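Chain by chain, the residues:
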Amino acid sequence: KMAAFLKKEKKCNLIICLSHLGSNKKSEDINDFVIAQKSRNIDVIIGGHSHSMIEGERELNLDGKEVLISQMAKSGLYLGRIDLEMTKKK
């Protein structure tokens, strides 16, 4: 709901989801990968909880668009960085 609101009502160009749901790719329980697969309008998910090291994996959303997923392990041991390049539509 929030991603649709931000994209359609607020006209945001980029939607970043900060989650603490975990990222077990094999689980059907709600997690970063499931959110990506079952959503629209989210461009990036920066996750936590499962303490995984995920450096920019991609998952397709309901519209077939890539969602970038990242998580930097635990306890502040690593600092993550994502560089996004945006271009203006003509």
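The structure this text deals with has already been given above.
Residues numbered from 1 in each chain as written. Predicted model: local features only at pLDDT ≥ 70, side-chain atom pairs only at ≥ 80, totals over all residues. Heavy atoms only, no water.

Caption draft 1: Here's a closer look at the sheet that holds strand β2 (residues 44-46). The mixed open sheet is built from four strands, whose spatial order is β1-β2-β4-β3. If you trace the sheet from one side to the other, it starts and ends with β1 (16-18) and β3 (53-60), each paired once. Across this sheet, the average inter-strand angle for adjacent strands is 15°, counted without regard to direction. Here β2 pairs with strand β4 (residues 66-72) via three bridges, running parallel. Paired with Ile46 across the two strands is Ser70, which belongs to β4. (Pairing = 2+ DSSP bridges. Helix = DSSP H or I, 4+ residues; strand = E, 2+ residues; numbered from the N terminus. Axes fitted to C-alpha atoms, helices over the stretch in contact; angles between N-to-C directions.)

Caption draft 2: The arrangement of the layout of surface pockets in detail. Of the pockets and cavities examined, the largest pocket occupies roughly 640 Å³. Lys7, Asn13, Leu14, Asp43 and Met86 are, among the 19 residues lining the largest pocket, the residues nearest its centre. Per-element accounting of the lining of the largest pocket gives the leading share, three residues, to β4. Tallied by class, the residues present in the lining of the largest pocket amount to seven nonpolar, four polar and eight charged. (1 Å grid on protein atoms, 1.4 Å probe; cavity = no way out; pocket = protein on both sides within 12 Å on 5 of 7 lines; lining within 4 Å. Points joined across faces, edges and corners; volume = space filled by probe spheres on them. Nonpolar A, V, L, I, M, F, W, Y, C, P; charged D, E, K, R; others polar.)

Caption draft 3: Spotlight on the pairing of β3. Across six bridges, the pairing between β3 and β4 is antiparallel. Opposite Ile54, over in β4, you have Gln71 as the bridge partner. A loop of five residues connects β3 with β4, the two strands running antiparallel in sequence, and Gly64 in this loop sits at a positive phi of about 80°.

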